[in-house]
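What follows is the residue order along each chain.
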Amino acid sequence: MRRELARVRWWRRLLHARRDLAVAFLAQPAQASSTGLHLSWEALAAGAPTPAELGAAAWPDASAFSVSTIEEIDALDARVEAYEARLAATLDNVTAQMVRALTQAHRTPSVTKEG
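Quick summary incoming for the structure in this document. Worth saying up front: this structure is predicted, and the values here are computed from it rather than measured. (Residues numbered from 1 in each chain as written. Predicted model: local features only at pLDDT ≥ 70, side-chain atom pairs only at ≥ 80, totals over all residues. Heavy atoms only, no water.)

1. Description of the overall build of the protein chain
Threshold: Here a helix means four or more residues in a row that DSSP labels H or I, a strand means two or more in a row labelled E, and each is numbered from the N terminus. For the exposure calls, accessible area comes from a 1.4 Å probe over protein chains only, and a residue counts as buried if that area is under 20% of its type's maximum, exposed if over 50%, partly exposed in between. A 1.4 Å probe and the Shrake-Rupley method give the accessible areas. Residues count as covered only by the protein chains that appear here.
A count of helices and strands for the protein chain gives four helices and zero strands. Helices and strands appear in the protein chain in the N-to-C order α-α-α-α. A total of 115 residues make up the protein chain; the buried ones form 16% of that total. Total accessible area on the protein chain is roughly 8900 Å²; 62% of this is exposed by carbon and sulfur atoms.

Now the structure itself:
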């Protein structure tokens, strides 16, 4: 169960990252020219990757992103979150039962020795 819980949490992190990428793509400002920037800013940015280069690296299939992408990711994450909650609760329950069983097993021999 612990392995499955770790796997579910890994998928949730991936879904959240994918959602962040979709939001970033949809919210990115239009390509702005560097005109009007202060000279020191232009010098600082020299050689830095452009937003277009970064965008191509982060989301090569940008045409796939839309508002519905975010809604689909949110719906999928809600299902995975519900499964994670059930799995975590079951793991806690099983762990508590094991601790009770081990405690009972440990107490039984001491009662026998004293009795």
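2. Regarding the pattern of salt bridges
Note the following rule: By salt bridge we mean one thing: a side-chain nitrogen of Lys or Arg within 4 Å of a carboxyl oxygen of Asp or Glu.
By the definition in use, this model includes six salt bridges. Note that Glu81 and Arg12 form a salt bridge whose closest N and O atoms lie 3.9 Å from each other. In this pair, Glu81 sits in helix H4 (residues 67–114) while Arg12 sits in helix H1 (residues 2–27), placing the two residues 69 residues apart along the sequence. A relative accessible area of 40% places Glu81 in the partly exposed class. Relative accessible area serves as the criterion here: at 13%, Arg12 is assigned to the buried category. Close ionic contact of Glu84 with Arg12 constitutes a salt bridge, the shortest N to O distance being 2.8 Å. Of this pair, Glu84 sits in helix H4 while Arg12 sits in helix H1, placing them 72 residues apart in sequence. According to the relative accessible area criterion, Glu84 is buried, its value standing at 13%.

3. Some remarks on the nonpolar core
This is how the line gets drawn: We define a nonpolar core as any set of buried Ala, Val, Leu, Ile, Met, Phe, Trp, Tyr and Cys residues linked to one another through side-chain atoms lying within 4.5 Å. Whether two residues are in contact is decided by their heavy atoms: any pair within 4.5 Å suffices.
With eight residues, the main nonpolar core is built from Leu5, Val8, Leu15, Ile73, Val80, Leu87, Ala88 and Leu91. Breaking this core down by element, the ones donating at least two residues are H1 and H4. If one sorts the elements of this core by residue count, H4 sits on top with five residues. If sequence neighbours within four positions are ignored, Val8 has contacts with Val80, Tyr83, Glu84 and Leu87.

4. Remarks on the packing of aromatic side chains
Spelled out, the test is: Stacked, edge-to-face and tilted are the three classes for Phe, Tyr and Trp ring pairs, Trp counted by its six-membered ring, which pair at centre distances within 6.5 Å; planes under 30 degrees apart are stacked, over 60 edge-to-face, the rest tilted.
Taken as a whole, this structure holds one aromatic pair when the rule is applied. Ring geometry for Trp10 and Trp11: centres 4.9 Å apart, planes at 70 degrees, overall edge-to-face. Judged by relative accessible area, which is 41%, Trp11 ranks as partly exposed.

5. Overview of the environment of Ser66
The following threshold applies: In protein, a polar contact means a hydrogen-donor-capable atom and an acceptor-capable atom, both N or O and within 3.5 Å, with residues adjacent in sequence counting only if both atoms are side-chain atoms; elsewhere, any N or O pair within 3.5 Å suffices.
Tracing the chain through its elements places Ser66 in the loop between helix H3 (51–58) and H4. Distance in space between the C-alpha atoms of Ser66 and Ala22 is 7.5 Å, their sequence separation being 44 residues. Among the polar contacts made by the side chain of Ser66, one reaches the side chain of Ser68 at a distance of 2.7 Å.

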